[in-house]
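A look at the structure
One-letter residues, chain by chain:
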Amino acid sequence: MKQDQLLPRPLRHAAIDCAAIFVVLLAATLSFGPVFGGTAYLAAGIGGTLLGIAVGVVTSLKPLRGWLMTAAGFVLALVLFGPALAVPRTTIAGFIPTLEGWRELLLGVVFSWKGLLTAEPPAEGFPSLLVVPFLTTLLCATLATVLALRLRRGAPFAMLPAVVALIVGISFGTKIAFWPTVLGAVVAGAILAWCAWRRATWRTDLNDEVEVTNDTRLRARARKQRSRGAVAMIAGAMIVAALISIPVQPQSRAVLRDTVEPPIELAEYPSPLAGYRNWPKNFDDSTLLTVSGMPADGRLRLATFDYYDGTVFAVAGSQETSGSGSFARIGDEVLVQQSGAPATVRVEVQDYSGIWVPDVGYMQSLRFEGDRAGDLQGSLHYNGQTGTAIALDGLGAGDAYELQAIVPAQPAQEELEGVPITRVSVPAPALVPDLLQAWVSEHGANGQNSFENLEAMLRLMNNGSFSHGLEDDTIPSLAGHGASRIQGMFEQEVLVGDDEQYATAFALALSRINVPSRVVMGMYPDDGFTGGGEPVELTGGDMHAWVEVPFEGYGWVRFDPAPPEDNDQIQPEPEPQPEPKPQVLQPPQPPEEPAEMSPDTVADEGQEEDDEEPADTSWMLWLWIGGGTLLLLFLLLLPFLVVGALKAARRRKRQRAERGSDRLSGGWHEVVDEAVDLGLPVPAGVTRREVARVVEDRYPRSRATEIGDYVDEGVFGPGEPDAADVDAFWLDVEQSVKGMRSEATGRRRLLGRLSMRSFARRRQERRRR
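Here is what the cut-offs are and how they apply
- Residues numbered from 1 in each chain as written.
- Predicted model: local features only at pLDDT ≥ 70, side-chain atom pairs only at ≥ 80, totals over all residues.
- Heavy atoms only, no water.
- Helix = DSSP H or I, 4+ residues; strand = E, 2+ residues; numbered from the N terminus.
- Contact = heavy atoms within 4.5 Å.
- Areas by Shrake-Rupley, 256 points an atom, 1.4 Å probe, with all protein chains shown as cover.
- Salt bridge = Lys/Arg side-chain N within 4 Å of Asp/Glu carboxyl O.
- Buried < 20%, exposed > 50% of the residue type's maximum accessible area, 1.4 Å probe, protein only.
- Pairing = 2+ DSSP bridges.
- Polar contact = N/O pair within 3.5 Å; in protein donor to acceptor, adjacent residues only side chain to side chain.
- Patch = residues over 30% accessible without salt bridge, like charges linked within 9 Å, V, L, I, M, F, W, Y side chains within 5 Å.
- Arc of directions from axis to C-beta.
- Axes fitted to C-alpha atoms, helices over the stretch in contact; angles between N-to-C directions.
- Parallel < 35°, antiparallel > 145°, perpendicular 65-115°, else oblique.
- Left-handed = near helix turned anticlockwise from the far one by under 90°.
- pLDDT = per-residue confidence, 0-100.
- Phe/Tyr/Trp six-rings, centres within 6.5 Å; stacked < 30°, edge-to-face > 60°.
- Nonpolar A, V, L, I, M, F, W, Y, C, P; charged D, E, K, R; others polar.

1. Digging into the overall build of the chain
For the chain, the count of helices and strands is 22 helices and 18 strands. Partitioning the intrachain contacts of the chain with sequence separation of at least 6 by distance along the chain shows that 77% fall at a separation of at least 24. For the chain, the computed accessible surface area is about 42,000 Å², with 58% contributed by carbon and sulfur atoms.

If you want it as structure tokens, here you go:
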């Protein structure tokens, strides 16, 4: 390299380095495609790549070379070009930054990562989520370019940041990858080709510098051989990378969004079904919503419930296996895989309020209108499994929105005969009333299959009596759908309730015959509505609840268990009451004469006089109390007895060893084991003197150093120690153990009695030997 050269590498070589980095980062950008959709992510990713390469090149020039200048260039590129590429909606004319744009950009640097994982694809319409591909490519391109230009022999490490960008794109994406076979082959080929070329240029430059040989003919032949080998290796790597990605199915891919919990927990919000009676009671004639484009057979869905806790039906929380509580943020569009008829519906909110957004079918897009459109759009979350949406900021009077959706066709009940019920996983109810179980056993278990049992129970419920329990209703009916309310519903000869009770009872009844179901609360006009573009006003009286059951080929099919509202006079036939008769004082009954007993009749041996005192059995009660107390004390003392017996047997074995040296070693082990059981971390694999120092530092009354020296002298000295001296030594051991226990706390002494650490330590020592 020449001293006056601005870049660390020749310009032509630097251009090839930048081109290789661009190819790999282009593949990383394309990996974001499935989660974003559209083309805005391409502008953010490619723009970040080009900016990063530019920052790496400029800060590698001789006057600006240095990591501090690289960091400054990265921040400058982020601030100047970030709003236009990552948050273009906040700029003027698409490229002039604003304060709002800088605010969203800087917040997105921190919060956009989690937002992308919790957003429902496609995420292009979300504010600030484009920061993820822009920031990833900008940072990785800057690092890769700087490393490629400044490193010589370690140049292959420059591709690590580019590979990290690719991993980020895959991890933050969806299970559906963007042309994985092509991307794998291109990335593997580009990285291997560039690494081989860099090594070849490094060897060539090294040869030129040290002048290994001037035989150009031999050097040209070697270069051709290396080129052919490199081409073969690159081709092989591309083929292997392509083949590896083929057998990996989308459902087998693991991405980060699969492990991230939903951002909201609906258990914190009350179930709207609990307040069902409020709508017909207080808003029966009030216009809640004005809907245009309502399909003839369509229904506005508020919420879908699949978990009954004995008090209310609600969406399953994170503790359940169901996905009904997993609401994710959505952007301008929602990916829908349902079949059905498209519909465009516009909703104007009047007296309705709440976080639940009424929608039709399965949404493809939803756009709010009005002054609160931005806030509502930012708080919009959607559950694609149940087709329900929520806006955490809450709907209110004056809000409006337009949604596009796919409305599945609803088959007639006759068309479902012989169609299998799909066995989907729904949470089991926490409680089913006893009378409802008995009712299901009587009326819902006589058919030949589950569908016939379903029809039988549905028909019986449709013949019940309907009542909201309001003042103008002829039949009283309590609100709520808790277990006691449903129990009371089946105590009567005729079922009485409204949509809330009938939908709950029907769903619980279906759970008893192993038919999966869910309860849906929503609104729809009366039977005379024929659909069309004319607006229709929905009142509190149009609020309903129904049950859905999954069928193969049809999806979730709705059933209306509640009887018609005009079924309000169905009462059981009154039983005839007997006419009352005047009361006449009856004469007293004559006393019965005692029965005469034959001489052969013998009284029962167990028969006793009434005035005889009962036998005293209190001693049996005290016997049970005393025996139970002794048993409890025995169970409490059992661990101490077992561990104590094991330690006593070990101590007896050590004390009665045949050889005197073994008895001395056993005494030493007794001291160390006591320290270990008292919680002292005694080092292993060191000399006895080092162990003694650790023990005596913690328990000075153990005299571990003195005992250790005596053991060393007796074990390693000439001959066997005298038996009387060994017996005296064991007395010192007992005093040492007592001294350690006296210096330990009461809690430590109690735990030491139960500790088995010393046994584990001896086992480890034997393994080491």
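Past the structure itself, the notes keep going.
2. With respect to the pattern of salt bridges
Enumeration according to the criterion identifies 24 salt bridges in this entry. Residue Arg663 pairs with Asp727 through a salt bridge whose shortest N-O separation is 2.5 Å. Remark: Asp727 occurs in helix α20 (residues 723-743) and Arg663 occurs in helix α17 (residues 660-677); sequence separation between them is 64 residues. A salt bridge links Arg741 to Glu674, with the nearest nitrogen and oxygen atoms 3.0 Å apart. In this pair, Arg741 is assigned in helix α20 and Glu674 in helix α17, connecting sequence segments 67 residues apart. When its relative accessible area of 26% is taken as the criterion, Arg741 is described as partly exposed. The network of salt bridges with common partners includes Arg650, Arg651, Arg654, Glu670 and Asp673.

3. Some details on the sheet that holds strand β7 (residues 354-357)
The strand order across the open sheet formed by four strands is β5-β10-β11-β7, and the pairing between neighbours is antiparallel. The open sheet is flanked by β5 (328-329) and β7, the only strands paired with a single partner. Pairing of β5 with strand β10 (residues 380-383), which is carried by two bridges, proceeds in the antiparallel orientation. Paired with Arg329 across the two strands is His381, which belongs to β10.

4. With respect to the environment of Thr91
Looking at the element boundaries, Thr91 is found in the loop between α4 (67-86) and α5 (99-118). According to the relative accessible area criterion, Thr91 is buried, its value standing at 12%. Here the alpha-carbon distance between Thr91 and Trp102, two residues 11 residues apart in the chain, equals 9.3 Å. If near-sequence neighbours (up to four positions away) are discounted, Thr91 is found in contact with Pro83, Ala84, Ile96, Pro97 and Thr98. A distance of 2.7 Å separates the side chain of Thr91 from the backbone oxygen of Pro88, its partner in a polar contact.

5. Some details on the side chain of Ser755
As for its position among the elements, Ser755 is in the loop between α21 (746-754) and α22 (757-768). The class of Ser755 is buried, set by a relative accessible area of 7%. Discounting residues that sit within four places of it in the chain, Ser755 has contacts with Val643, Lys647 and Asp677.

6. Remarks on a nonpolar patch on the surface
Together, Leu630, Leu633, Phe634, Leu636, Leu637, Leu638, Leu641, Val642, Leu646 and Met756 give the surface a local cluster of nonpolar side chains, amounting to about 910 Å² of exposed area. Tracing the chain through its elements places Leu630 in helix α16 (residues 618-655). Residue classification places Leu630 among the exposed positions, given a relative accessible area of 59%.

7. Topic: helix α12 (residues 434-443)
If you check which residues of α12 are buried, you get Leu436, Trp439 and Val440. Burial along α12 is one-sided: seen end-on, the buried residues are contained in an arc of 100°. Exposed and oriented more than 90 degrees from the buried face of α12 are Asp434, Ser441 and Glu442.

8. With respect to the packing of α4 against helix α6 (residues 131-150)
The interhelical angle for the contact between α4 and α6, taken along N-to-C directions, is 150°, at an axis separation of 11 Å. Here α4 lies roughly antiparallel to α6, going by the angle between them. Considering the relative orientation of α4 and α6, their crossing is right-handed. Taken together, the residues of α6 that come into contact with α4 (itself represented by Trp67, Thr70, Phe74, Ala77, Leu78, Phe81, Gly82, Leu85 and Ala86) are Val131, Phe134, Leu135, Leu138, Leu139, Thr142, Leu143, Val146, Leu147 and Arg150.

9. Remarks on the pairing of strand β11 (residues 388-395)
Counting buried positions over the eight residues of β11 gives six, a clear majority of the element. The pairing of β7 with β11 spans three bridges and is antiparallel. Counterpart to Val357 in the pairing with β11 is Ala389. Hairpin connection, β10 to β11: the antiparallel pair is bridged by four residues, and Gly387 has positive phi, about 70°.

10. A few points about the confidence of the model for the chain
On average, residues of the chain score 80 in pLDDT, and 79% of them reach the 70 mark or higher. pLDDT under 50 marks residues 248-252. Its contacts with residues more than four places away, or in other chains, come to three contacts. Below a pLDDT of 50 lies the segment residues 592-612, which in the model reaches zero contacts outside its immediate sequence neighbourhood of four places, other chains included.

11. Here's the deal with the packing of aromatic side chains
Counted by the stated rule, this structure contains 12 aromatic pairs. Between Phe451 and Phe551, the aromatic rings sit 6.0 Å apart at their centres with planes inclined by 85°, giving edge-to-face as the arrangement. One end of the pair, Phe451, is in helix α13 (residues 450-462); the other, Phe551, is in strand β17 (residues 543-551), with 100 residues separating them in the sequence. Their ring planes at 50° and their centres at 6.2 Å tell us that Phe551 and Phe559 sit as a pair that is tilted.

12. Description of the pairing of strand β6 (residues 341-349)
Across a regular strand the side chains alternate sides, sitting on one face of the sheet and then on the other. As paired elements, strand β1 (residues 287-292) and β6 share four bridges and run antiparallel to each other. Its bridge partner lying in β6, Ser292 is registered against Arg346. Where β6 and strand β12 (residues 400-407) come together, eight bridges link them in antiparallel fashion. Bridging across to β12, Thr344 finds its partner in Gln404.

13. A look at the packing of helix α19 (residues 704-716) against α20
Two numbers describe how α19 lies on α20: the axes approach to 11 Å, and their chain directions differ by 155°. Between α19 and α20, the crossing angle belongs to the class labelled roughly antiparallel. Note that α19 runs across α20; the crossing there is left-handed. Contacts between α19 and α20 pair Ile707, Tyr710 and Val711 from the former with Asp725, Phe729, Asp732 and Ser736 from the latter. Here the contact of α19 with α20 is built from residues that sort into four nonpolar, one polar and two charged.

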